[in-house]
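Geometric and topological summary
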Amino acid sequence: MQICQSKSCRKLGAAGVLAAFQLQPVVNVEVTGCGCFGQCGNGPIVVVSPDQVWYCGVQADEVGSIVDRHLKNGQPVKAMLYPKFHPALHR
């Protein structure tokens, strides 16, 4: 899993999102900060691989939902999906 740490995403709280994920480790899930995904203004961006599930506008207090529902139970959090990459799933 990668969390964008570019200037734009950091201004929107990406450092706190990365820290929140690091405080809730999941077996076999590596959490790393990364450079820009080229989606500035829609962050913080979180990409779960190898699923290629993109989340946008993630805030630190929402991390628990992604951890519990997606990482532990395999169910992406539909309301948080990035509609640009998941138009059919975003509701």
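This report concerns the structure included in the present document. (Residues numbered from 1 in each chain as written. Predicted model: local features only at pLDDT ≥ 70, side-chain atom pairs only at ≥ 80, totals over all residues. Heavy atoms only, no water.)

What about the sheet that holds strand β4 (residues 53-55)?
How we decide: Pairing between two strands requires that DSSP report at least two bridges joining them. The secondary structure listing takes helices from DSSP runs of H or I that are at least 4 residues long and strands from runs of E that are at least 2 residues long, numbered from the N terminus. Axis angles are defined between N-to-C directions and span 0 to 180 degrees, where every axis is a line fitted to C-alpha atoms and, for a helix, only to the segment in contact. Whether two residues are in contact is decided by their heavy atoms, any of which lying within 4.5 Å being enough.
Read across the sheet, four strands follow the order β2-β1-β3-β4 without closing on themselves; strand pairing throughout is mixed. Of all strands in the sheet, those bounded by a partner on one side alone are β2 (32-34) and β4. Adjacent strand axes in the sheet meet at a mean angle of 25° when their direction is disregarded. Where strand β1 (residues 2-4) and β2 come together, three bridges link them in parallel fashion. Paired with C4 across the strands is C34, a residue of β2. Its contacts with the sheet put helix α2 (residues 14-22) on β1, β2 and β3 (46-48), and the angle it makes with β1 is roughly 160°.

What to know about helix α3 (residues 63-71)
Because the α-helix completes a turn every 3.6 residues, residues three or four places apart line up on one side. Stated precisely, the cut-off is as follows: Accessibility here uses a 1.4 Å probe with only protein chains present; expressed as a share of the type maximum, an area under 20% marks a residue as buried, one over 50% as exposed, and anything in between as partly exposed.
Listed as buried for α3 are V63, G64, I66, V67, H70 and L71. Where α3 is buried, its residues meet α2, β3 and β4.

So, the environment of Y82
Defined as follows: Whenever two N or O atoms come within 3.5 Å, that pair is a polar contact, provided that in protein one can donate a hydrogen and the other can accept it, and provided that, for residues adjacent in sequence, both atoms are side-chain atoms.
Among the structural elements, Y82 can be located in the segment after α3. Among the residues examined, Y82 registers a relative accessible area of 5% and is labelled buried. On a C-alpha basis, the gap between Y82 and N42 in space is 8.5 Å, while along the polypeptide they are 40 residues apart. In terms of polar contacts, Y82 uses its side chain to reach the side chain of N42, at 2.9 Å.

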